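The residues making up each chain are set out below.
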Amino acid sequence: MADPSTLTLDADVLVLGGGPAGTWAAIAAAEAGAKVVLADKGYVGTSGATAPSNTGAWYLPPDPGRREAVIAQRWPGTLGLADRGWMERVMELSWRRIDQLADSGYPFPVDETGRPYRANLRGPDYMRFMRQLVGKAGVRILDHAPGLELLLDGDGRVAGAAGRRRNSGEIWRVRSGAVVIATGGCAFLSRALGCNVLTGDGLLMAAEAGADLSGMEFSSVYGLAPLGSAVTKGLPFFWASFTHEDGTPAETQGDRAGTVAGVLVQGRPVYAVLDRADEALRGWLRKSQPNCFLPFDRAGIDPFTQRFPVSLRLEGTVRGTGGIRLTGEDCATLVPGLYAAGDAATREDIGGANTGAGGPNASWAIATGALAGQGAARFARGTAGRDRRRFAVGTAGLRPDGREAAGFAPDEVVRATQAEVLPLERNYYRSGAGLDASLGVLDGLWREVRDRAPRPGGDPIRAREAAAMIATARWMYASARLRAETRGINRRADRPDTDAALAHRIHSGGLDAVWARPATSPGASA
Ligand SMILES: Cc1cc2nc3c(=O)[nH]c(=O)nc-3n(C[C@H](O)[C@H](O)[C@H](O)COP(=O)(O)OP(=O)(O)OC[C@H]3O[C@@H](n4cnc5c(N)ncnc54)[C@H](O)[C@@H]3O)c2cc1C
């Protein structure tokens, strides 16, 4: 077969990922005068975790009392690992950019007093509107064009990326002055809503270029869904009662997911019914969350009066916290020219040891997207006119080091990785021995994808996703091994208590030799 053709483009800023973080980054970079290319694995406007969801966001006008009250309410749950300065910055930027949406004509709904309600962004409408804004800003969009590896110049600065177009197989290569990674989190192809494009690709690309990560132990969020359904939207379950097969109530264990996990991990089914919602709420839920009711309507179940079995789907770092470590307020990373935003970056600054879902994460995507776009545009200006030779730095799943002749089957490697991260007894409830066992398996899988090429006929994009998932799982578990305590969403069944001596962040990284170590400055991101 002939080699696939190559599309080569030049830009000041390349943004990888077109969810909220990536689209805000592209807009901010274009506002700063940069020529911008935005490449997404899917179709910008419909891809990623926000597109099919309703996301509550922080929309708090500059009233210090109100903002302080929200921080005070969140603070205990961050368990010593958040950063107040970042929380304030994210609130301010989120408020300003949401107002920018309104000024650009976004049709916010009005509340019962006739005032626009801006603290909730309906995913499909929001992301369709963001695509339009990106287009108006003059950004060139590459849809269905996953980035696969970064390009570095001779001075070790990030100078573009290369990927592949899904439909044609064509290779694309963008030579840029700087890159923003906004590829979202990693949900390990668990089929959670909007998450099957989120395989940790950006984390692997960043690590290959020399970046590190933080908070990867906070990666065990599972979303509640009717059994067999992908719809992990949690809102309707606020009004649920949970029962065993015989109808007796399930013992409450922490939050709703905890209650369900506690039964499922014993190999027993668990049922829910949304019987705590009154008539008015039922109507409102159906209207405001229509896709939650599709599975029930298809099965002919009235979820307000009839019990239905439920399950948990891994969302990993998507509604978790860990990701690429930022080294400054401009969302720079350890590698010059590389910026990170949204779920691809660690959200410990706003969530600490807990999930930042329910407002903070959506606002973080907006704020860090805008900051990273501005930072990248500034960096690119400093590189203009330089002759930059570039070389690609992708490794496992992409460029085998040739030690093994036989190819690997990407789907088999994905399944083997999932066997280490999806089961509740491995990832929801962690233990030192379990983590060690999983790390042993994952190290072996890493060697396989590092040494071999995908089997002829194997999907090259899936091969790279497999490598990214293994890398992400290894950073998660190496970090969880070091955090020998239960703190937030790092639940160690063998260490149920929180250890005051571990009130610091954990950084991680490495490819062949994965490492995790305590951060030297407790609580601070840099
Ligand atoms: C069901 C659900 C409900 C949620 N509700 C809330 C809420 O109410 N409030 C809240 O604050 N947060 C919520 N969240 C979290 C919120 O959705 C995320 O924080 C937010 O989407 C992050 O934006 P992002 O742009 O970083 O990532 P995403 O929106 O996930 O976008 C990432 C993009 O990167 C693309 N991509 C992936 N790999 C590549 C690659 N290799 N090359 C190019 N592109 C790539 C993907 O196709 C995708 O378009 C929810 C999440 C889920 C799953």
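If you check an unreviewed UniProt entry, the protein chain appears there as FAD-dependent oxidoreductase from Azospirillum brasilense.

On to the sheet that holds strand 13 (residues 308-316). Read from one edge to the other, the open sheet built from four strands follows the order 10-13-12-11, with strand pairing classed as antiparallel. Every other strand in the sheet has two partners, leaving strand 10 (221-226) and strand 11 (241-243) as the edge strands with one partner each. Sheet twist, expressed as the mean angle between neighbouring strand axes with direction ignored, is 45°. Where strand 11 and strand 12 (residues 271-273) come together, three bridges link them in antiparallel fashion.

Backbone geometry places L189, a non-glycine residue, at a positive phi of 50°. Looking at the element boundaries, L189 is found in the loop between strand 8 (171-181) and helix 5 (201-209). A relative accessible area of 9% places L189 in the buried class. In this model, R191 sits at a positive phi of 70°, which is unusual for a non-glycine residue.

Over its 15 residues, helix 2 (residues 64-78) runs 20 Å from end to end, which matches the ideal 21 Å to within 8%, given 1.5 Å per residue. Among all positions in helix 2, only R67, V70, I71 and T78 are buried. If you follow the buried residues of helix 2, they end up packed against helix 3 (84-103) and helix 9 (348-351). By the N-cap criterion, in which a side-chain oxygen at the helix start approaches the backbone nitrogen of a residue two or three places on, helix 2 is capped by D63, the distance to G65 being 3.0 Å. Immediately downstream of helix 2, the backbone of L79 shows phi near 50°, a positive value.

Okay, the UniProt feature "domain: FAD-dependent oxidoreductase 2 FAD-binding" (unreviewed entry) in the protein chain next. With numbering matched to this structure, UniProt assigns "domain: FAD-dependent oxidoreductase 2 FAD-binding" (unreviewed entry) to residues 12-119 and 123-218. Along residues 123-218 one finds 24% helix and 31% strand; the C-alpha atoms at either end are 25 Å apart.

Surveying the vicinity of the ligand reveals 40 residues, the closest of which are D40, S47, T50, D343 and A362. A21 is positioned with one of its backbone polar atoms (N or O) 3.0 Å from an oxygen atom of the ligand. Within the side chain of S47, one N or O atom sits 2.7 Å away from an oxygen atom of the ligand. Protein chains bury 97% of the 1,000 Å² of accessible surface belonging to the ligand in isolation.

This part covers the nonpolar core. If you look at the biggest cluster of nonpolar residues, it comprises 146 residues, and the most contacted ones within it are V13, L101, L150 and W172. The greatest single-element share of this core, amounting to twelve residues, is contributed by helix 14 (residues 460-482). Apart from residues lying up to four places away in sequence, V13 is in contact with A29, A34, K35, V36, V37, S176, A178, V180, A376, A377 and A380.

Counting through the fold element by element, S241 comes out in strand 11. Separated by 2.7 Å, the side chains of S241 and D275 make a polar contact. Beyond its immediate chain neighbours, meaning those up to four positions away, S241 contacts Y271, A272, V273, D275 and R276.

Attention now goes to helix 5. Residues three or four positions apart in an α-helix share a direction because the helix packs 3.6 residues into each turn. The element helix 5 is largely enclosed, with a buried count of nine among its nine residues. Every buried residue belonging to helix 5 is among D201, G202, L203, L204, M205, A206, A207, E208 and A209, and all of these are buried. In the segment just after helix 5, G210 is the residue with positive phi, at about 115°.

Right, let's talk about the domain arrangement of the protein chain for a bit. Along its sequence, the protein chain is organised into domain 1 (6-219 + 320-392), domain 2 (233-314) and domain 3 (410-504). Measuring from the centre of the C-alpha atoms in domain 1 to the corresponding centre in domain 3 gives 24 Å. Of the roughly 2,500 Å² buried at the junction of domain 1 and domain 3 (both faces included), carbon and sulfur atoms supply 69%. On the domain 1 side of the interface with domain 3, the three residues burying the most area are F188, L204 and E217, jointly 29% of the side's total. On inspection of domain 1 and its partner domain 3, the count reaches three salt bridges.

Okay, the sheet that holds strand 9 (residues 213-214) next. Taken together, the four strands give an open sheet; going across it, the order is 14-9-17-18, and neighbouring strands pair in antiparallel fashion. The open sheet has two free edges, formed respectively by strand 14 (323-324) and strand 18 (515-518), since each of these has just one partner strand.

Within this structure, the stated rule accounts for twelve aromatic pairs. On the basis of an interplanar angle of 55° and a centroid distance of 6.3 Å, the ring pair of F237 and F308 is categorised as tilted. Pair noted here: F237 is in the loop between strand 10 and strand 11 and F308 is in strand 13, with a separation of 71 residues, a long-range link. By relative accessible area, which is 4% here, F237 ends up buried. Through a chain of ring-to-ring contacts, the aromatic side chains of F237, F242, F293, F296, F304 and F308 assemble into a single cluster. Taking NZ or CZ as reference, R84 lies 4.8 Å from the ring centre of W75, over its face. Residue placement shows R491 over the ring face of Y428; its charged tip is 3.7 Å from the ring centre.

Rules used in this analysis
Residues numbered from 1 in each chain as written. Predicted model: local features only at pLDDT ≥ 70, side-chain atom pairs only at ≥ 80, totals over all residues. Heavy atoms only, no water. Pairing = 2+ DSSP bridges. Helix = DSSP H or I, 4+ residues; strand = E, 2+ residues; numbered from the N terminus. Axes fitted to C-alpha atoms, helices over the stretch in contact; angles between N-to-C directions. Buried < 20%, exposed > 50% of the residue type's maximum accessible area, 1.4 Å probe, protein only. Expected span 1.5 Å × (residues − 1). Contact = heavy atoms within 4.5 Å. Polar contact = N/O pair within 3.5 Å; in protein donor to acceptor, adjacent residues only side chain to side chain. UniProt positions renumbered as here; feature names shortened; annotations may be inferred. Near = heavy atom within 4 Å. Areas by Shrake-Rupley, 256 points an atom, 1.4 Å probe, with all protein chains shown as cover. Core = buried A, V, L, I, M, F, W, Y, C linked by side-chain atoms within 4.5 Å. Domains from an automatic or database assignment. Buried area = accessible area lost by both parts, 1.4 Å probe. Salt bridge = Lys/Arg side-chain N within 4 Å of Asp/Glu carboxyl O. Phe/Tyr/Trp six-rings, centres within 6.5 Å; stacked < 30°, edge-to-face > 60°. Lys NZ or Arg CZ within 6 Å of the ring centre and 35° of its normal.

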